[in-house]
Amino acid sequence: TVTGSYSQNVTSDNGRLEFAITTRKATKLEAYNTLNKQRPIVIDYLKKQGFASDEIEVKAFTSYNTYKLAPNGMSTNEVAYFNATQHFSVKSKDVNKIKQTSTDISSLLSKGIDINVYETAYFYSGLSEMKVKLLEEATKDAQQRATAMLKATNNKAGKIQSVKMGVFQITPVDSTNVSDMGINDTTTIEKKITSVANVTFTIR
């Protein structure tokens, strides 16, 4: 039984940027009105970056109260201010545009918009089709390793008795990390996909 592996580098072909704008006001209505005024500014910024309307998703509006503290430090039932957040998600096949916007979008702070940018994510859509090829190449690698191991004993690898596919490791190109559960890196545009096959041969 021999373990073979095969790696191939790919370039992500779609990406996602998620961020949120927040405000803190004395009342819920004031907070809601503030976000209503800021939302079009954000959408206009994204369109100027080259994103189409169907690539921009305005997500959930969330809110919570912050309560005043008593002199003893305990929370009271009196509201100090109201916190509101509007979430956005931007998806595009132009991964470089996603990356550029993720670093530039903080410029909205100069317009009085409090923005929090979450981690961007990059994906490769052809993984399902590639898995068949990767498994085939990993099996060939296992056969080559078995042949090399048996050469010293004047034996050869015979027919394949079984093939067990291991987990796929999707990592940054220069990474050597592996995991028994598999790795699915979404932080980099350039990725390395590694397949593993455990192959059992007869010996002849």
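Refer to the structure presented above.
Because the structure is predicted, anything quoted here is derived from the model rather than measured.

Draft legend 1. Looking closely at the packing of aromatic side chains. Taken as a whole and assessed by the stated rule, the structure comprises 2 aromatic pairs. Centroid distance Phe-19 to Phe-88: 5.0 Å. Interplanar angle 10 degrees. Geometry classified as stacked. Of this pair, Phe-19 sits in strand β2 (residues 14-25) while Phe-88 sits in strand β4 (residues 75-92), and the two are 69 residues apart along the sequence. A centroid spacing of 5.7 Å and a plane angle of 80 degrees characterise the contact between Tyr-32 and Phe-61, whose relative ring orientation is edge-to-face. Taken together, the residues Tyr-32 in helix α1 (residues 28-48) and Phe-61 in strand β3 (residues 56-69) connect sequence positions 29 residues apart. For Phe-61, a relative accessible area of 29% puts it in the partly exposed group.

Draft legend 2. Geometry of the environment of Gln-49. By the element assignment, Gln-49 lies in the loop between α1 and β3. Residues Gln-49 and Thr-101, 52 residues apart in the sequence, show an inter-C-alpha distance of 7.3 Å. Gln-49 has contacts with Lys-97, Thr-101 and Asp-104, leaving out every residue within four places of it along the chain.

Draft legend 3. Fine view of helix α3 (residues 127-151). The end-to-end C-alpha distance of α3 is 35 Å, a good match for the 36 Å that 25 residues give at a rise of 1.5 Å each. Buried residues in α3 make contact with β1 (2-11), β7 (157-165), β8 (169-172) and β10 (190-203).

Draft legend 4. Just the pairing of β4, in detail. Sheet analysis places β2 next to β4, joined by 11 bridges and oriented antiparallel. Residue pairing in the sheet places Thr-22 in a bridge with Thr-85 of β4. Note that β3 and β4 share 11 bridges and pair antiparallel. Residue pairing in the sheet places Leu-69 in a bridge with Ser-75 of β4. Two successive antiparallel strands, β3 and β4, enclose a turn made up of 5 residues, where Gly-73 displays a positive phi of approximately 90 degrees.

Draft legend 5. Geometry of α1. Spanning 21 residues, α1 covers 31 Å between terminal C-alpha atoms, matching the ideal 30 Å at 1.5 Å per step. When α1 is considered as a whole, its buried residues turn out to be Ala-31, Thr-34, Leu-35, Gln-38, Arg-39, Val-42, Tyr-45 and Leu-46. Contact partners of the buried residues in α1: β2, β3, β4 and α2 (95-104). Gly-50 sits one or two positions beyond α1 and adopts a positive phi of about 105 degrees.

Criteria and cut-off values
Residues numbered from 1 in each chain as written. Predicted model: local features only at pLDDT ≥ 70, side-chain atom pairs only at ≥ 80, totals over all residues. Heavy atoms only, no water. Phe/Tyr/Trp six-rings, centres within 6.5 Å; stacked < 30°, edge-to-face > 60°. Helix = DSSP H or I, 4+ residues; strand = E, 2+ residues; numbered from the N terminus. Buried < 20%, exposed > 50% of the residue type's maximum accessible area, 1.4 Å probe, protein only. Contact = heavy atoms within 4.5 Å. Expected span 1.5 Å × (residues − 1). Pairing = 2+ DSSP bridges.

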